[in-house]
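Per-entry structural report
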Amino acid sequence: MPKSSKQFGLAYLDAGEIGAYLDKHSGHVLSVIGFGHALPLPGYAPLWVDIPVLGGHDSSIEVWTSDLPVTACEHLGISGTADGQVLFGSLTLEQHAGDTLETLAEQAYMRIFGFIDHFGYRNLLRVWHYFPQINDDENGLERYRGFNVGRHASFVANGRQIGEESVPAASALGSNSGSLVVYFMACKKRGTAVENPRQVSAYHYPKLFGPSSPIFVRAMSATLGGQYCFFISGTASIVGYETLHQGDAEKQTAETLTNIRTLLQQIPHYDPDQGRMLLKVYLRHPEHLEMVQSKVQAEFGSACKAVYLHSNICRSDLLLEIEGAYFNDTQ
Ligand code: 3EB
C-alpha cells in the first residue's frame, strides 16, 4: 500500500472524492464529519453539521485517518473510534424546552470527560463545537457566553486545571439548525499547548466577554503516527483580548492571517514549503469569499487545502474565523 494511505492525517473532500477515499482507507478511518448537504456514505455514520459550504460545492466531508488499525467504541452514549494513540468521539445534544446552552455544554463536557477517562485517553487535544443562534440572547446572556459558563463548570467539576496542561485547541461556530454538535480528539500522551504572544490566552479573557472565559489554547502540537501535527484553533481578528477592525473584512482577514503566522512561527524548524496545510475558513457573509480566498491563497499558496463555510462567529463583531491543521513527516 502507498504510504499516504497509512498516514495519520486529515482530508477535506467533496462528493466526487469521498467514496474512493473511504475505500482506500478502509479500516483506518477515525472520523467522518460532513458540512453542507448530507450525502449517503454506506458503512459510515458521519456527523453532519448544518453549515453551508461556499465556493461551488454542496458538501464538504472532513475525514480523519490513522496509520494504525481503528476500532469502534462506545460509552455514555458517545460513539467513537480509537487506534491506540488517539480517541475520536462525537455527540449531538438536543435542546429541549427549559434547556439552555449552559446546561447543554456542561452535560456535553461531563460526558466527554467520562468517555475519554473510561478509555484511558485522558488528554483532550482538539475539540469542535457547533450550535445554532450562537449570538442570540438566551435568558439575558448570549448563547455563546452561556456555553462558556457550562464548559467552565464541567472542567472544574472534572478536576481539570484551567491552564496549558489540560486545555485543548478548539473551534466554536454557529450552525443553521439542530442542536449542540461536538466532536473531539483525545490522546493518551499529552500534546503541547502553544499560545499566541499577540493575544491574551482565551481562558484569561476579562469578564467583559462573559461570566466565564472560553477554555481553549491557540494551538496544540503532537506527534501522531510519526508525523508532527499542529492543530490551530479558530483564529480571528483579536489582539490582546479585543476585536480589531470592526466592520472591515479585509483588515480582519489580514489580522487573522498575522495571528496564524505568529502561531506557525512557533513550530520548531517551520518551513512553509514542507508539510501539508489544511484550513477551514468560516465567513459570516458569503460576499467576502473572493477577497478572503485571494488573501489565503497569497499567504499559503495553492498547495494549501481550504474549505469555506458560511457560519456565524462567536463574537458578533467578528466577520471571519480560520482554523487549521499542519502535518509534517520530515521533522
Ligand atoms: C477567539 O479568539 C475567537 O470558544 O472554543 C475561537 C476558537 C473562538 C475557539 C471556543 C472561540 C473558541 O476568542 C473565538
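Residues numbered from 1 in each chain as written. Predicted model: local features only at pLDDT ≥ 70, side-chain atom pairs only at ≥ 80, totals over all residues. Heavy atoms only, no water.

Re the overall build of the protein
From N to C terminus, the protein includes 5 helices and 21 strands. Considered along the principal axes of its C-alpha atoms, the protein spans approximately 55 × 45 × 40 Å. In the protein, buried positions account for 57% of the 331 residues. Contacts spanning at least 24 positions in sequence make up 75% of the contacts within the protein whose residues lie at least 6 apart. Side chains of the protein carry 24 positive and 34 negative charges; the gap between the two charge centres is 6 Å. (Helix = DSSP H or I, 4+ residues; strand = E, 2+ residues; numbered from the N terminus. Buried < 20%, exposed > 50% of the residue type's maximum accessible area, 1.4 Å probe, protein only. Contact = heavy atoms within 4.5 Å. Lys, Arg positive; Asp, Glu negative; His and termini not counted. Charge placed at Lys NZ, Arg CZ, Asp CG, Glu CD.)

Some details on the environment of Ile78
By the element assignment, Ile78 lies in strand β7 (residues 78-82). The class for Ile78 is buried, based on a relative accessible area of 0%. When the C-alpha positions of Ile78 and Gly114 are compared, they lie 9.8 Å apart, and in sequence the two are 36 residues distant. Beyond its immediate sequence surroundings of up to four residues, Ile78 is in contact with Cys73, Gly89, Ser90, Leu91, Arg111, Ile112, Phe115 and Phe184.

Observations concerning the sheet that holds strand β19 (residues 276-283)
Strand order across the open sheet formed by 7 strands is β4-β20-β19-β21-β16-β15-β14, with mixed pairing between neighbours. In the strand order of this sheet, the two ends are held by β4 (53-54) and β14 (192-194), each with one partner. Of the strand pairs in this sheet, β14 and strand β15 (residues 219-224) are connected by 3 bridges, and their pairing is antiparallel. Pairing of Val194 across the sheet is with Ala219, part of β15. The strands touched by helix α4 (residues 249-264) within the sheet are β14, β15, β16 (227-235), β19 and β21 (320-328), with β16 carrying the most contacts at an inclination of about 150°. (Pairing = 2+ DSSP bridges. Axes fitted to C-alpha atoms, helices over the stretch in contact; angles between N-to-C directions.)

Focus on the pairing of strand β2 (residues 29-36)
Most of β2 is tucked away, with 8 of its 8 residues classed as buried. In the sheet, β2 pairs with strand β5 (residues 59-65) via 7 bridges, with the strands oriented antiparallel. Paired with Gly36 across the bridge in β5 is Ser59. Examined bridge by bridge, β2 and strand β3 (residues 47-49) share 3 bridges and lie parallel to one another. Residue pairing for β3: Gly34 is matched across the bridge by Trp48.

What is shown is where atoms sit, not what they do.
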